[in-house]
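# Understanding the architecture of this molecule
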Amino acid sequence: GRNARDILKNELREVLAKGTASSAGPRSDAIANRPDFGSLEVYYQTVHRAEGGYSASGAEALVRWRHSQRGLLTPASFIPVAEEGGLIDALGFWVLREACRAACKWPDDTFVAVNVSPAQLRRPNFAEEVFAVLEESGLPPSRLELELTESSLIEDNSDVYSVLKSLRSRGIQISLDDFGTGFSCLSHLMRFDIDRIKIDRSFVSLLGTKANGAAIIGAIVALSRNLGISTTAEGVETEYQRDFLAALGCTDLQGYFFSKPVPLRELDCFREPESAAGSLTIAPDAVA
Ligand code: C2E
Ligand code: MG
Ligand code: MG
Ligand code: MG
């Protein structure tokens, strides 16, 4: 109900006030003494190339709230609250900053994808704010992918168009999330230059059950290819789906079959190999 949402909103405001100010310097007593409702964390789910052995091409940042009393909350339970309560900008930029800092340490040919709410995109200087985060973190713009939903574009105002244009002019990648669940229409893809489409997992889950899942995905992939747009299939849970989607020509695959979203410390695939010294290095004169 209304009341429960208001409570959650106020708690989230506290978390953001504490957490996002953190590394900037010593906390004022006023902040330190505020009630503790836990903290936000960014989880990462890898995305894999559909060709050449399914190596990881990047990872998507997915926010979690480790609540001190309610446990680990998924975004569905608090993103709408943040949007409604005017907190989505603070939350979104905190996630963006964390994600860019993390990705700096991954291989050069990988990307980090960050979800963007429609409300964030409506800010006239959203692009400049994103550039500032990139500069501060040192992440090359081409390694950042921003995931928008169709509803961001539906609003069809020219501000959103110019923000996207500005982002792309610096080399930031734009992808369309949950594709197929909204009012997809070709004109969107033509008007807004999009780099990637993420095929919603509701289509992927039809594979192997109903014939039209394959037909729909095949059509999306064919269309995207002709427009020079990459395609990521979301929600890949089985080997059968992986093989089928790769055969259909999706460029990338994402889902529990490869990995669930994990905390940064458990994201092993982008870690530089531990120094081999000591264990594997054999001194030349030791080899008889
Ligand atoms: P999304 O961007 O479409 O992210 C994919 C969601 O599908 C994630 O849920 C992920 O955990 C889940 N998923 C991935 N692979 C599979 C699979 O194989 N099977 C199933 N059943 N699910 C899978 P999550 O993490 O709960 O996030 C839900 C949504 O919340 C996201 O959907 C995104 O729209 C939103 N979200 C997450 N983080 C942020 C954020 O930092 N900012 C904003 N604005 N929205 C966010
Ligand atoms: Mg997404
Ligand atoms: Mg999605
Ligand atoms: Mg989805």
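Up top you'll find the structure we're talking about.
So, here is what we can say about the structure in this document. (Residues numbered from 1 in each chain as written. Chains lettered and ligands numbered in written order. Predicted model: local features only at pLDDT ≥ 70, side-chain atom pairs only at ≥ 80, totals over all residues. Heavy atoms only, no water.)

Protein coordination of the magnesium ion (ligand 2) is provided by Glu-60 (OE), Asn-115 (OD1), Glu-147 (OE) and Asp-177 (OD), with donor distances spanning 1.9 to 2.2 Å. Within one chain, the residues serving as donors to the magnesium ion (ligand 2) are arranged as E-x54-N-x31-E-x29-D. Metal-to-metal, the separation of the magnesium ion (ligand 2) and the magnesium ion (ligand 3) is 3.7 Å; Asp-177 coordinates the two. In this pair, Asn-115 is assigned in strand E4 (residues 111-115) and Asp-177 in strand E6 (residues 173-179), connecting sequence segments 62 residues apart. A relative accessible area of 29% means that Asn-115 is categorised as partly exposed. With relative accessibility at 6%, the residue Asp-177 sits in the buried group. (Donors = N, O, S within 2.8 Å, 3.2 Å for Na, K, Ca; no water. Helix = DSSP H or I, 4+ residues; strand = E, 2+ residues; numbered from the N terminus. Buried < 20%, exposed > 50% of the residue type's maximum accessible area, 1.4 Å probe, protein only.)

Moving on to the packing of aromatic side chains. Summed over all chains, the structure comprises eight aromatic pairs. A centroid spacing of 5.9 Å and a plane angle of 45° characterise the contact between Tyr-54 and Phe-258, whose relative ring orientation is tilted. Residue Tyr-54 is located in the loop between strand E1 (39-49) and strand E2 (56-67), and its partner Phe-258 is located in the loop between strand E9 (252-253) and strand E10 (262-263); the two are separated by 204 residues in the primary sequence. Note on Tyr-54: relative accessible area 21%, which makes it partly exposed. The interplanar angle of 85° and the centroid separation of 5.4 Å between the aromatic rings of Phe-257 and Phe-258 together place this pair among those described as edge-to-face. Judged by relative accessible area, Phe-257 falls into the partly exposed class, the value being 32%. Aromatic rings pair up to connect Tyr-44, Trp-106 and Phe-270 into one cluster. Here the guanidinium or amino end of Arg-64 rests over the ring plane of Tyr-43, the centre of that ring lying 5.3 Å away. Sitting above the plane of the Phe-131 ring, Arg-170 keeps its charged end 3.8 Å from the centroid. (Phe/Tyr/Trp six-rings, centres within 6.5 Å; stacked < 30°, edge-to-face > 60°. Lys NZ or Arg CZ within 6 Å of the ring centre and 35° of its normal.)

On to the site of ligand 1. In the vicinity of ligand 1 there are 21 residues, among which Arg-64, Ser-117, Asp-177, Glu-237 and Tyr-256 approach most closely. Note that a nitrogen atom of ligand 1 is positioned 2.9 Å from one of the side-chain N or O atoms of Ser-117. One nitrogen or oxygen atom from the side chain of Glu-234 is found 3.2 Å from an oxygen atom belonging to ligand 1. In the complex, the protein chains occlude 83% of the 800 Å² of accessible area that ligand 1 would expose alone. Mapping ligand 1 onto the cavity grids shows that it belongs to the largest pocket. Of all the secondary structure elements, the ones that give two or more residues to the shell around ligand 1 are E2, helix H3 (75-84) and E6. Per element, the largest residue contribution to the shell around ligand 1 is four residues, and it comes from E2. Here the residues of the shell around ligand 1 sort into eight nonpolar, five polar and eight charged. (Near = heavy atom within 4 Å. Polar contact = N/O pair within 3.5 Å; in protein donor to acceptor, adjacent residues only side chain to side chain. Areas by Shrake-Rupley, 256 points an atom, 1.4 Å probe, with all protein chains shown as cover. 1 Å grid on protein atoms, 1.4 Å probe; cavity = no way out; pocket = protein on both sides within 12 Å on 5 of 7 lines; lining within 4 Å. Sits in = over half its atoms within 2 Å of the grid points. Nonpolar A, V, L, I, M, F, W, Y, C, P; charged D, E, K, R; others polar.)

Looking now at the environment of Cys-269. Among the secondary structure elements, Cys-269 is positioned in the segment after E10. Here Cys-269 falls in the partly exposed class, since its relative accessible area comes to 44%. Linking Cys-269 and Trp-106, residues 163 residues apart in sequence, is a C-alpha distance of 9.0 Å.

In the contact formed by helix H6 (residues 126-137) and helix H8 (residues 158-169), the axes pass within 8 Å of each other and the chain directions differ by 25°. With respect to each other, H6 and H8 are oriented roughly parallel. Contacts between H6 and H8 involve Phe-126, Ala-127, Glu-128, Val-130 and Phe-131 from the former and Val-163, Ser-166 and Leu-167 from the latter. Considering only residue class, the contact of H6 with H8 consists of six nonpolar, one polar and one charged. (Axes fitted to C-alpha atoms, helices over the stretch in contact; angles between N-to-C directions. Parallel < 35°, antiparallel > 145°, perpendicular 65-115°, else oblique. Contact = heavy atoms within 4.5 Å.)

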